[in-house]
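For reference, the chains in residue letters:
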Amino acid sequence: MTRPEVRALTLVVAVIACLLTACGGGGGSGAAKSSPAADKTASAKISLRQSDFPSGWTSAPHQVTPEETATLRQLTQCVGIPDLTGHTTARDRSNDFSSGQATSASSNVVFATTDADASSDLAAFQSDKTPDCLKQAVLALTKQQLSGTVPANLDARQLQFPTLKDGTAAYQASFTVSVAGTSLPVYADFVYFRAGRAEVLLGTTNAGSPFDRKLEESLVRKMADRA
């Protein structure tokens with residue numbers, strides 16, 4: 001897989017991860033029942049870290065792009081959350097972790113202002129609208145990053161995943177891209193769970209086959225244990 005194609009996959013994960021954990025952070029209202037400083041410390045504690053991965057995985061700081069900002073705005077409207085940043089107190093975006101050219105993982109952790117805000121967000125992420133919203137995002141981003149190429153066999157579906165803490169929402173988007181004349185399937189998983197006011201998202205990608213399920217569950221459970 002070429003570098004532009006790898007960039008497209010990691011960007012898709014980054015943007016959806018932002019959607020599912022109120023990327024943009026900051027703020028909250030005067031009714032906040034929390035300490036932003038304490039929430040920031042807690043979010044960093046929960047986030048993915050190098051020691052969560054097997055040997056051979058590397059990491060690099062995530063680089064925000066204009067495409068992320070634009071697509072986040074569209075996804076927000078699609079899912080139906082009116083104001084992502086207005087009810088959050090802190091967030092932590094992990095590094096982008098990778099193994100090889102086409103396997104990646106990252107996390108976002110956000111603290112909502114109140115339990116009610118976090119509960120409402122979980123309900124939105126579990127709604128029937130989410131798969132179609134994910135498809136729209138994947139389509140837009142892959143076309144942007146692959147010079148207008150339309151991904152083939154694009155699909156998004158609910159992913160069966162163990163319930164963690166106060167509720168879980170999990171989805172898998174899949175599509176194929178042409179690499180050296182061969183159609184290569186790509187899979188992007190998004191696993192979200194709520195722990196009180198904490199909203200935690202793991203995003204993974206893999207080409208050729210779905211991301212290793214055992215490792216995926218291990219990464220999520222490690223974050224849940226720290227939440």
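The rules we used
- Residues numbered from 1 in each chain as written.
- Predicted model: local features only at pLDDT ≥ 70, side-chain atom pairs only at ≥ 80, totals over all residues.
- Heavy atoms only, no water.
- Helix = DSSP H or I, 4+ residues; strand = E, 2+ residues; numbered from the N terminus.
- Buried < 20%, exposed > 50% of the residue type's maximum accessible area, 1.4 Å probe, protein only.
- Contact = heavy atoms within 4.5 Å.
- pLDDT = per-residue confidence, 0-100.
- Salt bridge = Lys/Arg side-chain N within 4 Å of Asp/Glu carboxyl O.
- Phe/Tyr/Trp six-rings, centres within 6.5 Å; stacked < 30°, edge-to-face > 60°.
- Pairing = 2+ DSSP bridges.
- Arc of directions from axis to C-beta.

1. Here's the deal with the overall build of the protein
Within the protein, the secondary structure is distributed over six helices and eight strands. Across the protein, helices and strands are ordered from the amino to the carboxyl terminus as α-α-β-α-β-β-β-α-α-β-β-β-β-α. Expressed as a percentage of the 227 residues in the protein, the buried residues total 52%. Partitioning the intrachain contacts of the protein with sequence separation of at least 6 by distance along the chain shows that 70% fall at a separation of at least 24.

2. Details of the confidence of the model for the protein
Note: predicted coordinates in regions of low pLDDT should not be interpreted at a detailed level. Across the protein, pLDDT averages 83, with 78% of residues at or above 70. For the protein, helix α1 (residues 3–20) is the element with the lowest average pLDDT, namely 58, and helix α6 (residues 213–226) is the one with the highest, namely 97. Contacts of residues 27–32 to residues separated by more than four positions or lying in other chains number 13 contacts, the stretch itself having pLDDT below 50.

3. Regarding the pattern of salt bridges
Per the counting criterion, the structure on display carries five salt bridges. The partner of Asp92 in a salt bridge is Lys40, with the nearest N and O atoms 3.8 Å apart. Residue Asp92 is located in strand β2 (residues 88–93), and its partner Lys40 is located in helix α2 (residues 36–46); the two are separated by 52 residues in the primary sequence. Residue classification places Asp92 among the buried residues on the basis of a relative accessible area of 15%. A relative accessible area of 39% places Lys40 in the partly exposed class. The shortest N-O distance in the salt bridge between Arg213 and Glu217 comes to 3.2 Å.

4. So, the environment of Ala224
For Ala224, the position within the fold is in helix α6. Separated by 178 residues in sequence, Ala224 and Ile46 have C-alpha atoms that sit 7.4 Å apart. Setting aside residues no more than four positions away along its own chain, Ala224 makes contact with Lys165 and Phe193.

5. Things to note about the packing of aromatic side chains
The tally for this structure, following the rule as stated, stands at four aromatic pairs. Centre to centre, the rings of Phe53 and Trp57 are 4.8 Å apart; their planes meet at 35°, and the pair counts as tilted. Plain terms: the ring middles of Phe125 and Tyr192 are 4.4 Å apart, the flat faces sit at 80° to each other, and that makes the pair edge-to-face. Highlighted residues: Phe125 in helix α4 (residues 115–125) and Tyr192 in strand β7 (residues 182–195), separated in sequence by 67 residues. Of the residues examined, Tyr192 reaches a relative accessible area of 0% and is grouped as buried. Here a set of aromatic residues connected by ring pairs shows up, and it is made of Phe53, Trp57, Phe97 and Phe211.

6. Side note on unusual backbone geometry
Most peptide bonds take the trans configuration, and most residues that are not glycine carry a negative phi. Of note, Asn153 is a non-glycine position whose phi angle comes to about 55°, a positive value. Locating Asn153 in the fold gives a position in strand β5 (residues 152–158). Owing to a relative accessible area of 61%, Asn153 belongs among the exposed residues under this scheme. Notably, Lys165 is not glycine yet its phi reads approximately 50°, a positive angle. Lys165 sits in the partly exposed class, given a relative accessible area of 47%.

7. Some points on the pairing of strand β8 (residues 198–207)
Within β8, ten of the ten residues are buried, leaving the element largely enclosed by the surrounding structure. Side chains Ala198, Val200, Leu202, Thr204 and Asn206 project from β8 onto one buried face, and the interleaved Glu199, Leu201, Gly203, Thr205 and Ala207 project onto a second face that is buried too. Bridge count between strand β4 (residues 103–112) and β8: nine bridges; the pairing is antiparallel. Pairing of Ser107 across the sheet is with Leu202, part of β8.

8. Some details on the environment of Phe175
Examined against the element boundaries, Phe175 turns out to sit in strand β6 (residues 168–179). The sequence separation of Phe175 and Val186 amounts to eleven residues, and the corresponding C-alpha distance is 5.4 Å.

9. Side note on α2
Within α2, the full set of buried residues consists of Asp39, Ser43 and Ile46. All buried residues of α2 project into a common sector of 60° when viewed along the axis, lining one side. Structural note: α2 exposes Ala37 and Thr41 on the side pointing more than 90 degrees away from its buried face. On its buried face, α2 sits against β2, β4, β8 and α6.

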